[in-house]
Amino acid sequence: MIRPVATGQVIDQEREEREAFAGVLRFYELAKRQEWQVRDLPWGELPPIPEGKGSPQRRARRRDMWRSVLTQQLQADMLACDMASQLLNIAPDPEAKLYYSTMVQDESRHTEAWLKLIGQVGGEGERDPHLDTLAHMFLEADSLEEKVFLMQVFFERLIIPRFRLIARSSRGTILEDLCNRLAIDDGIHHGAGMAYERVLLENATPNVRQTLVDAANRMLPEFAAHVLWRPKAREMIGQLMEARDRERLKTELNHGVRLAKSLGLDVSDVQLPA
Ligand SMILES: [Fe+2]
Ligand SMILES: [Fe+2]
């Protein structure tokens, strides 16, 4: 039996719901426009990383330091590959799926670029154990809301200042070029996550909201430990930079707290590692 009024209501409701996803679709289009290729990097034209000055020993130490920076970023992007494909597979909404299909491509392109760059500077360094812990938290989070929140609202946003910092310390290298591209891409990943999380949280119960706050409280201290972590190769420089790093980290985490607040979540009780 045809009931025009009811059908009209259903259509209206559907249209409204689809409109809520317009923000997510905009990030899909932005991601397509921003797409680049690993071959676009200035391979062979610029040095891969800063070459350094001084004695051969000093230069070797600097090189090890850079290798550990690159390894950490490779590790982060390989984790992002896992996360992006998980999100693609569990997101039920067609707009979000479309968007995540671009994020999977971005993260695997980032990984490809790090692998090539690391190949040019003598191979991988030590793994960051905190990134492994974060990977478990993200991949094993229970709900889609929690995964988007941890990965895109926080991680993708908090990592952007890291890229800017690395780019500033590696002027005139392929590494600088790559970091500038990644800062833009991760800006899109973060923006898309904010747009999607907003839709997901529209009808979320207080219970779901509380699990997100708890998850943020578990994740942020681990993120802080990741940022402050120094492998052997960077221990010396690490100590010199630690005070400045802590200051910077505090600003970044405060920004994360404000972002959560804009989604209606209060995570201001988060503790920094001592
Ligand atoms: Fe990435
Ligand atoms: Fe990303």
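Basis of the calculations
- All chains use their own residue numbering, which begins from 1 and follows the written sequence.
- Throughout, the order in which chains and ligands are written sets their labels, letters from A for the former and numbers from 1 for the latter.
- Only residues with pLDDT of at least 70 are given local features in this predicted model, and only at 80 or more are side-chain atom pairs given and counted; all residues enter the totals for whole chains, interfaces and linings.
- Hydrogens and waters are ignored; side-chain quantities use all the structure's heavy atoms.
- We count a stretch as a helix when DSSP gives it H or I for four or more residues in a row; a strand needs E for two or more, and each element gets its number in order from the N terminus.
- Type-normalised accessible area, obtained with a 1.4 Å probe on protein chains alone, sets the label of each residue: buried when under 20%, exposed when over 50%, and partly exposed for intermediate values.
- Contacts are assigned to residue pairs that have any heavy atoms within 4.5 Å of one another.
- Only the protein chains shown count as cover for residues, and the accessible areas themselves come from Shrake-Rupley with a 1.4 Å probe.
- Donor atoms are limited to N, O and S found within 2.8 Å of the metal ion, a distance that becomes 3.2 Å for Na, K and Ca. With water left out, some sites might look partial.
- Every angle, taken between N-to-C directions, lies between 0 and 180 degrees, and every axis is a line fitted to C-alpha atoms, over only the stretch in contact when it is a helix.
- Between 65 and 115 degrees an angle is taken as roughly perpendicular, under 35 as roughly parallel, over 145 as roughly antiparallel, and anywhere else as oblique.
- Rotating anticlockwise by less than a right angle from the far helix to the near helix defines a left-handed crossing, while the corresponding clockwise rotation defines a right-handed one.
- Note on residue categories: nonpolar means Ala, Val, Leu, Ile, Met, Phe, Trp, Tyr, Cys or Pro, charged means Asp, Glu, Lys or Arg, and polar means any other residue, Gly included.
- We call a set of buried residues a nonpolar core when its members are Ala, Val, Leu, Ile, Met, Phe, Trp, Tyr or Cys and they connect through side-chain atoms within 4.5 Å of each other.
- A pocket, in this scheme, is an open set of points on a 1 Å grid over the protein atoms alone with protein on both sides within 12 Å along at least 5 of 7 lines, while a cavity is a set where a 1.4 Å probe fits but cannot get out; residues line either one if an atom lies within 4 Å of a point.
- Grid points are joined across faces, edges and corners, and a volume is the space filled by probe spheres set on the points.
- A carboxyl oxygen of Asp or Glu within 4 Å of a side-chain nitrogen of Lys or Arg is what we treat as a salt bridge.

Asker: What is the right way to read the overall build of the protein from this model?
Answerer: Looking only at helices and strands, the protein features 9 helices and 0 strands. What you see in the protein, going N to C, is helices and strands ordered as α-α-α-α-α-α-α-α-α. Relative to its 274 residues, the protein shows a buried fraction of 47%. If you take every contact in the protein between residues at least 6 apart in sequence, the share linking residues at least 24 apart comes to 84%. A total accessible area of about 13,900 Å² is found for the protein, and carbon and sulfur atoms account for 52% of it.

Asker: What's the story with the coordination of the iron ion (ligand 1) in this structure? I'm lost.
Answerer: Put simply, a metal with four donors set out as a tetrahedron has ideal angles of 109.5 degrees, and one with six donors set out as an octahedron has ideal angles of 90 or 180 degrees. Of the protein atoms, only Asp 77 (OD), Glu 107 (OE) and His 110 (ND1) coordinate the iron ion (ligand 1), at distances of 2.0 to 2.2 Å. The sequence pattern describing where the donors of the iron ion (ligand 1) fall on their chain is D-x29-E-x2-H. A separation of 3.4 Å is found between the iron ion (ligand 1) and the iron ion (ligand 2), which are bridged by Glu 107. You can see Asp 77 sitting in helix H3 (residues 56–90) and its partner Glu 107 sitting in helix H4 (residues 94–120), a full 30 residues away along the chain. For Asp 77, a relative accessible area of 4% gives the class buried.

Asker: How should I be thinking about the coordination of the iron ion (ligand 2) in this particular structure?
Answerer: For the iron ion (ligand 2), the full set of protein donor atoms is Glu 107 (OE), Glu 156 (OE), Glu 156 (OE), Asp 186 (OD) and His 189 (ND1), and the range of their distances to it is 2.1 to 2.7 Å. In this structure Asp 186 comes out as buried when scored by relative accessible area, which is 4%.

Asker: Explanation requested: the packing of helix H2 (residues 22–34) against helix H7 (residues 174–201) in the structure shown.
Answerer: Describing two packed helices takes the angle between their axes plus the distance from one axis to the other. Between H2 and H7, the shortest axis-to-axis distance is 8 Å and the interhelical angle comes to 165°. The orientation of H2 with respect to H7, classified from their angle, is roughly antiparallel. For the pair H2 and H7, the crossing hand works out as left-handed. Each of Gly 23, Val 24, Phe 27, Leu 30, Ala 31 and Gln 34 in H2 lies in contact with H7, whose residues at this interface are Ile 184, Ile 188, Gly 191, Ala 192, Ala 195 and Tyr 196. The class makeup of the residues in the contact of H2 with H7 is 9 nonpolar, 3 polar and no charged.

Asker: When you look at the nonpolar core in this model, what are you seeing that I'm missing?
Answerer: In a soluble, globular protein the nonpolar side chains are often hidden away together inside. In terms of nonpolar packing, the biggest core is built from 62 residues, with Trp 114, Phe 149 and Phe 155 touching the most fellow members. Secondary-structure elements contributing two or more residues to this core are H3, H4, helix H5 (129–140), helix H6 (144–168), H7, helix H8 (206–228) and helix H9 (235–262). When residues of this core are assigned to their parent elements, the largest contribution, 12 residues, is made by H6. Apart from the residues within four sequence positions on either side, Trp 114 is in contact with Leu 70, Gln 73, Leu 74, Asp 77, Phe 163, Leu 175, Leu 178, Cys 179 and Leu 182. Ranked by size, the runner-up nonpolar core spans 18 residues in total, among them Met 103, Val 148, Ile 188 and Leu 200.

Asker: What is the right way to read empty space enclosed by the protein from this model?
Answerer: Space left empty within the atom packing is revealed by a probe, the size of a water molecule, rolled over the atoms. The tally for this structure, following the rule as stated, stands at 1 cavity of 30 Å³ or more. Estimated volume of the largest cavity: approximately 60 Å³. Forming the walls of the largest cavity are Gln 73, Ala 76, Asp 77, Ala 80, Glu 107, Met 151, Phe 155, Glu 156, Ile 159, Phe 163 and Asp 186. Sorting the residues of the lining of the largest cavity by element identifies H3 and H6 as the ones contributing at least two each. Examining the composition of the lining of the largest cavity, we find that 5 residues originate from one element, H6, more than from any other.

Asker: Teacher, can you tell me more about the packing of H6 against H8 here?
Answerer: Where H6 meets H8, the axes come as close as 10 Å, and the angle between the chain directions of the two elements is 30°. If you check the angle between H6 and H8, you find them roughly parallel. When you trace H6 past H8, the crossing you get is right-handed. Contacts between H6 and H8 involve Glu 145, Glu 146, Phe 149, Leu 150, Phe 154, Phe 155, Leu 158, Ile 159 and Arg 162 from the former and Val 208, Thr 211, Leu 212, Ala 215, Ala 216, Arg 218, Met 219, Leu 220, Phe 223 and Val 227 from the latter. Residue composition of the contact of H6 with H8, by class: 14 nonpolar, 1 polar and 4 charged.

Asker: Sorry if this is basic, but what is going on with the pattern of salt bridges here?
Answerer: As a working rule, side chains carrying opposite charge can pair if their charged atoms are close by. Following the criterion strictly, the structure yields 10 salt bridges and no others. In this structure, Arg 67 engages Asp 64 in a salt bridge whose closest nitrogen and oxygen atoms are separated by 3.3 Å. Taken together, the residues Arg 67 and Asp 64, both in helix H3 and 3 residues apart, mark about one turn of the helix. Of the charged contacts in the structure, one is a salt bridge between Arg 218 and Glu 146, with a shortest N-O distance of 3.8 Å. One end of the pair, Arg 218, is in helix H8; the other, Glu 146, is in helix H6, and 72 residues separate them in sequence. We classify Glu 146 as buried; its relative accessible area is 7%. Via salt bridges that share partners, Asp 106, Arg 109 and Asp 185 belong to a single interconnected network.

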